[in-house]
Amino acid sequence: DTEVTQTPKHLVMGMTNKKSLKCEQHMGHRAMYWYKQKAKKPPELMFVYSYEKLSINESVPSRFSPECPNSSLLNLHLHALQPEDSALYLCASRRVGAEAFFGQGTRLTVV
Amino acid sequence: KQEVTQIPAALSVPEGENLVLNCSFTDSAIYNLQWFRQDPGKGLTSLLLIQSSQREQTSGRLNASLDKSSGRSTLYIAASQPGDSATYLCAVTRLHFAGGTSYGKLTFGQGTILTVHP
């Protein structure tokens, strides 16, 4: 099983809403990542969790709040987003230095 | 700071052609290099992973090479098909250490948009 599962696939939210994105993998990977991807651009790293600890925050605004409840789950909590935050949000996981696997993404639209 | 460049930015070919996508990186201290495919609006699908100690990897009609010292990788696609149409991304990994653990950080190129027409 080399699957990274992201839910929901699509999300439309207002600027005052609170929502969460979910990512799950059962490959035993201890590094998990959130990326943001705008149209026709490569993915941009947002957060890295290594062994359930936040290892890197790429200067992401506090309206994005990551959480890693256990070694298989990664959440991204969203609050008071702006229209420019509309993008494809990708989750990835990997063993240290090994092949990275990505989920299918959540298409987020902020209205 | 690692920079990854992919050439060409876009490529349109007739079905059946063999083609080469290029990737170059500025910092040769990489752990590995990975090629991905992305269909519009979808996630990334891993195609090939080359460790820094390897020279090439093959999977079906795909062959990727790595010249770490010169900072270059190529992805060779044989006998292209319309179903190969997608964006191809290369990404290099460097290992980072924080809080007593290590993790790999991917740096992506801008991608090559490939169109294979029947």
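Everything discussed here concerns the structure shown above.
Presented here is an overview of the structure given in this document.

Calculation criteria
- Residues numbered from 1 in each chain as written.
- Chains lettered and ligands numbered in written order.
- Predicted model: local features only at pLDDT ≥ 70, side-chain atom pairs only at ≥ 80, totals over all residues.
- Heavy atoms only, no water.
- 1 Å grid on protein atoms, 1.4 Å probe; cavity = no way out; pocket = protein on both sides within 12 Å on 5 of 7 lines; lining within 4 Å.
- Points joined across faces, edges and corners; volume = space filled by probe spheres on them.
- Nonpolar A, V, L, I, M, F, W, Y, C, P; charged D, E, K, R; others polar.
- Helix = DSSP H or I, 4+ residues; strand = E, 2+ residues; numbered from the N terminus.
- Phe/Tyr/Trp six-rings, centres within 6.5 Å; stacked < 30°, edge-to-face > 60°.
- Buried < 20%, exposed > 50% of the residue type's maximum accessible area, 1.4 Å probe, protein only.
- Contact = heavy atoms within 4.5 Å.
- Buried area = accessible area lost by both parts, 1.4 Å probe.
- Salt bridge = Lys/Arg side-chain N within 4 Å of Asp/Glu carboxyl O.
- Pairing = 2+ DSSP bridges.
- Axes fitted to C-alpha atoms, helices over the stretch in contact; angles between N-to-C directions.
- Disulfide = S-S within 2.5 Å.

1. Side note on the layout of surface pockets
Taken as a whole, the largest pocket encloses approximately 630 Å³ of empty space. Together, 26 residues line the largest pocket, and L45 and E58 of chain A together with K1, K105 and T107 of chain B are the ones closest to its centre. Classifying every residue of the lining of the largest pocket gives twelve nonpolar, five polar and nine charged. Those elements giving two or more residues to the lining of the second largest pocket turn out to be β9 (86–98) and β11 (112–117) of chain B. Class assignment of the residues belonging to the lining of the second largest pocket gives a composition of nine nonpolar, eight polar and five charged.

2. Re the packing of aromatic side chains
Tallied over the entire structure, the rule returns seven aromatic pairs over all chains. Summarising the aromatic geometry, the rings of Y35 of chain A and F108 of chain B are spaced 5.9 Å apart at their centres and angled 90° between planes, so their arrangement reads as edge-to-face. Residue Y35 of chain A is found in strand β4 (residues 31–37), and its partner F108 of chain B is found in strand β10 (residues 101–108); the two belong to separate chains. The exposure classification of Y35 of chain A matches that of F108 of chain B, with both residues buried. Taking 6.2 Å as the distance between ring centres and 70° as the angle between the ring planes, the aromatic pair formed by F102 of chain A and F108 of chain B counts as edge-to-face. Of this pair, F102 of chain A sits in strand β10 (residues 101–102) while F108 of chain B is found in strand β10, placing the two residues in two different chains. As far as burial versus exposure is concerned, F102 of chain A and F108 of chain B are alike and both buried. Through a chain of ring-to-ring contacts, three or more aromatic side chains come together here, namely Y33, Y35 and F102 of chain A together with F36 and F108 of chain B.

3. Brief notes about the interface of chain B and chain A
With 25 residues of chain B at the contact, the number on the chain A side is 26 residues. Summed over both partners, the interface of chain B with chain A buries about 2000 Å², with 54% contributed by carbon and sulfur atoms. Three residues stand out in chain B for area buried against chain A, namely L44, Y103 and F108 of chain B, and they jointly supply 24% of the buried area on that side. Here chain B and chain A share one salt bridge between them. With a closest N to O distance of 3.6 Å, K105 of chain B and E58 of chain A form a salt bridge.

4. Description of the sheet that holds strand β8 (residues 72–77) of chain B
All names here are of chain B. Strand order across the open sheet formed by five strands is β1-β3-β8-β7-β6, with antiparallel pairing between neighbours. A strand with exactly one partner marks an edge of an open sheet, and here the two such strands are β1 (4–7) and β6 (56–59). Taking each pair of neighbouring strands and ignoring which way they run, the sheet shows an average axis angle of 15°. Note: strand β7 (residues 62–67) against β8, six bridges, orientation antiparallel. Bridge pairing in β8 links S65 to T74.

5. Considering the state of the cysteines
The bond known as a disulfide is covalent and runs between the sulfur atoms of two cysteines. Residues and elements named next belong to chain A. Applying the stated rule across the entire model yields two disulfides over all chains. Across the disulfide from C23 sits C91; the S-S distance is 1.9 Å. On the S-S bond that ties C23 to C91, the torsion sits near -70°, and the link is left-handed. Linking C23 in strand β3 (residues 18–25) with C91 in strand β9 (residues 87–94), this pair joins segments that are 68 residues apart in sequence. Here C23 matches C91 in class, with each residue buried. Unpaired in this structure, C68 has its nearest cysteine sulfur neighbour in C23, at a distance of 9.2 Å.

6. Considering the sheet that holds strand β7 (residues 64–70) of chain A
Whenever strands of a sheet pair, they do so through backbone hydrogen bonds, lying parallel or antiparallel. All names here are of chain A. Taking strand neighbours across the sheet as the criterion, the four strands line up as β1-β3-β8-β7 in an open arrangement whose pairing is antiparallel. The open sheet is flanked by β1 (4–7) and β7, the only strands paired with a single partner. Strand-to-strand twist in this sheet, taken as the mean axis angle between neighbours without regard to direction, amounts to 20°. Of the strand pairs in this sheet, β3 and strand β8 (residues 73–79) are connected by seven bridges, and their pairing is antiparallel. Note that in β8 the partner of K19 across the bridge is L78.

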